[in-house]
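Survey of secondary and tertiary structure
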Amino acid sequence: MKTTVIIGGGLGGLFAGAILSREGFKVTVLEKNDTAGGGLQNFRRFGMKFDTGMHVIGGMRPGGNIYRICEYLGIADKVQLRDVDDDCTDSLYFAEDQTTYHIKKGKEGFVSSLTEHFPEERTNLEAYVDAVYRLTDETDLFYLRPSNDVFPVHSEEFNLAADAFIAKYIQNPKLRNVVAYMNPLYGGMADATPAYVHAIVSVLYMQGASRFVGGSDRFAQLLVSVIESAGGEVRCNEGAEWVEVNDRHVDYVRSTKGNEYRADHYISAIHPCALLPLLSEKAFPKAYRTRLNDIPNAYSAFSVYVKFKPETFPYINHSEYYMTRYDKVWHFGEHHDTWPLGFLFMTPPEDNQGKYADKAIITAPMIFDEVEKWAQTTVGRRGKDYELWKKEQAQKLLERIEEIHPGFNACVDKVNTASPLTIRDYYGAKEGTMCGFSKDYKNTVLSQLPVVTKVDNLLLTGQYNNLPGFCGVPLTAINTVEAILGRNYVIGRLNSIHEQL
């Protein structure tokens, strides 16, 4: 039986491990935290469970790309989801003119939603939507199509800057910023983010979004069950401490518990810059190490986790975006004297979700510079000034929620906060990045990190290699696994299974 050791039990590591387990490999996953799942992990406060991230997911409705991967893994019918309302998948509030936009599902839904506010732009909106679908059609992996193009040729628009791509179709400057409202989901930046990133994420959510019911950790446990049912192991509280490499070949991985793990293949699912200290300097060429350290990271976030007083605040079955100014939508990753520029707000669904919400999550993009002064501190020892700063930031967000939901603060029982330092330390993400490496159309070589490395049996996976998020990471896991099993092998297997169902 072929064997694989995976460093990191986040979404990328678990998907790669589950796929390999499905193909007969014995997989061992080493995870430093108490539980596996990465961004799918939870924590408990105030007697209830909170997701660490805001999980509104695309691709999980029947026929969607991630749903089909779950079919192949045998877990599609076990995932507990609640679909977001089709007549309002997202609402966007701009404080600048106190306007709220309600976005509907589908091509026509998207167009008609915004035509209500910009009737003169209907034809342009239709052309824009057709264009984003054309861009996604250039990505075979997004549609789980086999591809023999090692170096695919893309259209001129594919690698345009996303803001320039939007401006090509939309005339109204205000509307250009409205259609870019999902920038926080993928670290969107002006004159940097490639159009294809914007297109893939936009199409994903136009097709319909869903939410995990009762916590995203349940999905992580389904992936763990696939690995364990095939004879593999997910070893929590046991991260990798050292990777022994000789002659560009991994001999073993030593864990923090002193155990040595040997395998045919090794996969790193942690931030590549967190991997470097685990290897000797001679393992990778100096140029490769320098390149990894030089790639800029996407911005981080500050989050507030709210527990409501019983039966005081309604459950809202869509995400809400708050934006201060239209012209700031592309500038979340820059320093500003005023914060926040915007945030996402959601009420996660529970089992047997009723009329009222038990909790809410508020997540606002924030650059790491805002917490740099405490960068050398550790959890629980950051000092009183840090705790005071967190309270001040939380209050800023709560005050802005009051704008869109008058009386909100009277419903709040307790709050907990997380800063970019929390994300950095909890996930091992450099600078607390939410979306991996920053993507820049001007330097696609720097923004794209291949899953293969100069070490012949060491591969990479996770959002640092390709697209971020619940869609991008599983698709990258397929790339990683196919580097072992052969090009189009997994794609062929899951399409075959899908056709039989």
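Keep in mind that this is a model prediction, so the values were computed, not measured.

With respect to the packing of helix H3 (residues 107–115) against helix H4 (residues 122–137)
- Where H3 meets H4, the axes come as close as 9 Å, and the angle between the chain directions of the two elements is 145°. Crossing hand, H3 versus H4: right-handed. Contacts between H3 and H4 involve Lys107, Glu108, Phe110, Val111, Ser112, Leu114 and Thr115 from the former and Arg122, Leu125, Glu126, Tyr128, Val129, Asp130 and Tyr133 from the latter.
- Tallied by class, residues from the contact of H3 with H4 come to seven nonpolar, two polar and five charged.

Section: the pattern of salt bridges
- Under the criterion given, the structure shown has 24 salt bridges.
- Residue Glu233 pairs with Arg235 through a salt bridge whose shortest N-O separation is 3.1 Å.
- Given the relative accessible area of 33%, Glu233 is considered partly exposed.
- With relative accessibility at 26%, the residue Arg235 sits in the partly exposed group.
- Bridged by salt links that share partners, the residues Arg61, Asp83 and Asp86 form one connected network.

With respect to the sheet that holds strand S8 (residues 99–103)
- Strand order in the open sheet formed by seven strands is S8-S7-S16-S17-S18-S15-S19, with mixed pairing between adjacent strands. Single-partner strands in this sheet number two, and they are S8 and strand S19 (412–418). On average, adjacent strands in this sheet sit at an angle of 20° to one another, irrespective of strand direction.
- Alignment of strand S17 (residues 342–346) against strand S18 (residues 359–366), held across three bridges, turns out to be antiparallel. Bridging from a neighbouring strand, Leu344 pairs with Thr363 of S18.

A closer look at the state of the cysteines
- By the definition in use, this model includes zero disulfides.
- The thiol of Cys88 is not disulfide-bonded; the next cysteine sulfur, from Cys411, is found 20 Å away.
- Given a relative accessible area of 9%, Cys88 falls into the buried group.
- Residue Cys471 stays outside any disulfide, its sulfur separated by 11 Å from that of Cys70, the closest cysteine.
- Of the residues examined, Cys471 reaches a relative accessible area of 5% and is grouped as buried.

Let's talk about the nonpolar core
- Ranked by size, the top nonpolar core spans 106 residues in total, and within it Leu73, Tyr128 and Phe219 carry the most contacts.
- Take this core: its biggest share by element is ten residues, from helix H8 (residues 195–206).
- Excluding anything up to four places from it in sequence, Leu73 contacts Phe15, Ala18, Ile19, Arg22, Leu223 and Val226.
- In this structure, Val304, Met366, Phe368 and Val412 belong to the second largest nonpolar core, which totals 31 residues.

Quick notes on the pairing of strand S16 (residues 319–323)
- With five of its five residues buried, S16 lies for the most part within the structure.
- Here S16 shows two buried faces, one formed by Ser319, Tyr321 and Met323 and the other by Glu320 and Tyr322.
- Relative to S16, strand S7 (residues 90–94) is paired through five bridges, and the arrangement is parallel. Bridging from a neighbouring strand, Leu92 pairs with Tyr321 of S16.
- Two strands pair when backbone bridges link them, and S16 and S17 are joined in this way by four bridges, in the antiparallel orientation. Following the sheet pairing, Glu320 is matched in S17 by Phe345.

Some thoughts on the packing of aromatic side chains
- In total, this model carries 33 aromatic pairs according to the counting rule given.
- With a centroid separation of 6.2 Å and an interplanar angle of 50°, the aromatic rings of Tyr128 and Phe165 are classed as tilted. Of the two residues, Tyr128 is situated in helix H4 and Phe165 in helix H5 (residues 162–169); the sequence distance between them amounts to 37 residues.
- Here the aromatic rings of Tyr181 and Tyr321 are separated by 4.9 Å at their centres, their planes lie at 85°, and the arrangement is edge-to-face. With a gap of 140 residues between them, Tyr181 in the loop between helix H6 (173–178) and helix H7 (183–186) and Tyr321 in strand S16 connect regions that are remote in the sequence.
- Here Tyr181 falls in the buried class, since its relative accessible area comes to 3%.
- Judged by its relative accessible area of 3%, Tyr321 is buried.
- A connected cluster of aromatic rings, assembled from ring pairs, spans Phe302, Trp339, Trp374, Tyr386 and Trp389.
- The positively charged end of Arg22 is found above the aromatic ring belonging to Tyr72, 5.3 Å away from the centroid.
- Positioned above the aromatic ring of Tyr386 is the side chain of Arg382, whose terminal nitrogen or guanidinium carbon lies 5.6 Å from the ring centre.

Some remarks on H4
- Its 16 residues place the ends of H4 23 Å apart at the C-alpha level, agreeing with the 22 Å of an ideal helix rising 1.5 Å per residue.
- By the burial criterion, the buried members of H4 are Leu125, Tyr128, Val129, Ala131, Val132, Tyr133, Leu135 and Thr136.
- Packing partners of the buried residues in H4 comprise H3, H5, H6 and H8.

Details of the sheet that holds strand S12 (residues 250–255)
- Taken in spatial order, the three strands of this open sheet run S11-S12-S13, and their pairing is antiparallel. Each edge of the sheet is formed by a strand with only one pairing partner; in this case those strands are strand S11 (240–245) and strand S13 (260–261).
- The pairing of S11 with S12 spans five bridges and is antiparallel. Note on S12: the bridge partner recorded for Trp242 is Arg254.

Observations concerning the environment of Thr123
- If you trace the backbone, Thr123 turns up in helix H4.
- Owing to a relative accessible area of 59%, Thr123 belongs among the exposed residues under this scheme.
- Taking the C-alpha atoms as reference, Thr123 lies 9.3 Å from Ile170; in sequence the two are 47 residues apart.

Analysis parameters
- Here, residues in each chain are numbered from 1, in the same order as that chain's written sequence.
- Per-residue local features of the predicted model are confined to residues with pLDDT of at least 70, and side-chain atom pairs are confined, for both listing and counting, to 80 or more; whole-chain, interface and lining totals are unaffected and use all residues.
- Based on all heavy atoms of the structure, the side-chain values leave hydrogens and waters out of the count.
- Only the stretch in contact is used when fitting a helix axis, every axis being a line fitted to C-alpha atoms; angles between N-to-C directions are given from 0 to 180 degrees.
- Numbering of helices and strands runs from the N terminus, with a helix taken as a DSSP run of H or I at least four residues long and a strand as a DSSP run of E at least two residues long.
- Left-handed describes a crossing whose near helix is turned anticlockwise from the far helix through less than a right angle; right-handed describes the clockwise counterpart.
- Here, residues are in contact when the closest pair of their heavy atoms is within 4.5 Å.
- Throughout this entry, Asp, Glu, Lys and Arg are counted as charged residues, while Ala, Val, Leu, Ile, Met, Phe, Trp, Tyr, Cys and Pro are counted as nonpolar. The remaining residues, Gly among them, count as polar.
- The working definition used for a salt bridge is a side-chain nitrogen of Lys or Arg within 4 Å of a carboxyl oxygen of Asp or Glu.
- Exposure categories follow from relative accessible area, calculated using a 1.4 Å probe and restricted to protein chains: below 20% of the type maximum is buried, above 50% is exposed, and the middle band is partly exposed.
- A strand pair is defined by DSSP finding two or more bridges across the two strands.
- Only a pair of cysteine sulfur atoms within 2.5 Å qualifies as a disulfide here.
- Remark: nonpolar core denotes a set of buried residues (Ala, Val, Leu, Ile, Met, Phe, Trp, Tyr, Cys) joined through side-chain atoms within 4.5 Å.
- Working definition: a ring pair exists when centres of Phe, Tyr or Trp rings (six-membered ring for Trp) sit within 6.5 Å. Plane angles under 30 degrees give stacked, over 60 give edge-to-face, the rest tilted.
- Counted as over-ring charges are cases with an Arg CZ or a Lys NZ within 6 Å of the ring centre that also lie within 35 degrees of the ring normal.
- Expected span of a helix, by definition, is 1.5 Å for each gap between consecutive residues, and there is one gap fewer than residues.

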